[in-house]
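# Geometric and topological summary
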Amino acid sequence: MDTLISERDGMTAPGAMPPDTIFVSPLSLVHDTVADVRVSHLVTLINGETLIETPPSIVKERHLRLSMNDICEARDGLVVPCEDHVAELIQFTLDWDQQAPLLIHCWAGISRSTAGAFIALCALNPDSDEHTLARALRRASPTAYPNRRLVALADNVLSRKGRMSAAVEHIGRGQLAEQGLVFSLPARPAA
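Note that the coordinates shown come from a computational prediction; the quantities given were computed from them, not determined experimentally. (Residues numbered from 1 in each chain as written. Predicted model: local features only at pLDDT ≥ 70, side-chain atom pairs only at ≥ 80, totals over all residues. Heavy atoms only, no water.)

Bringing the nonpolar core into the picture now. In this structure, I22, V43, I104, F118 and L185 are the most contacted members of the largest nonpolar core, which totals 40 residues. Of the residues forming this core, the biggest block, 9 residues, is contributed by helix α3 (residues 112-124). When sequence neighbours within four positions are dropped, the list of residues in contact with F118 reads E130, L133, A134, L137, V151, M164, A167 and V168. Membership of the second largest hydrophobic core comes to 14 residues, among which are M17, I52, I58 and V182. (Core = buried A, V, L, I, M, F, W, Y, C linked by side-chain atoms within 4.5 Å. Buried < 20%, exposed > 50% of the residue type's maximum accessible area, 1.4 Å probe, protein only. Helix = DSSP H or I, 4+ residues; strand = E, 2+ residues; numbered from the N terminus. Contact = heavy atoms within 4.5 Å.)

Right, here's the structure in full:
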């Protein structure tokens with residue numbers, strides 16, 4: 001079951017979520033989410049000037065920091081997502097023991113982090129239909145707008161032959177928002 005969580009006070013009680021849950025949040029709610037749902041693994045997809053310190057409850061080796069800007073093509077002075085970023089994200093996701101939730105965040109919780117969540121779902125579910133996984137993402141977050149470059153790179157790394165990109169195009173832009181809400185997805189969604 002996908003969960004949309006609008007405010008910190010409305011978060012699910014610790015321990016109530018299955019341990020194999022992927023959470024997505026904006027930067028502003030990372031520390032609250034880590035504490036409230038007892039996250040064991042953290043992925044930070046944000047520009048280098050904004051990279052956060054590892055929260056005390058997370059072992060440093062379980063915090064993947066990927067420095068990139070939320071862009072889809074090269075621009076002077078900015079870091080465009082690259083295949084190395086995606087390969088590290090996929091390996092980190094596959095190494096996650098699923099004994100406690102994984103949290104993926106970016107600045108707003110809308111683009112890089114939702115791309116990261118979709119990539120994680122595709123990596124963890126190699127035989128699942130990309131459109132099914134993208135629809136699960138859309139149900140969980142009406143504001144999700146996965147970074148198209150990250151998805152295209154993952155599409156190639158995971159040998160999905162363009163199906164990941166087609167799936168995120170199919171779910172569309174989503175609702176406009178300055179910041180997304182914290183939401184969750186099961187690591188292995190029902191078909």
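Right, let's talk about the confidence of the model for the protein chain for a bit. On average, residues of the protein chain score 92 in pLDDT, and 91% of them reach the 70 mark or higher. Segment residues 1-15: pLDDT under 50, and 38 contacts once partners within four positions in sequence are set aside and those in other chains are kept. (pLDDT = per-residue confidence, 0-100.)

Phi is positive for Q98, close to 60 degrees, though the residue is something other than glycine. The class of Q98 is buried, set by a relative accessible area of 15%.

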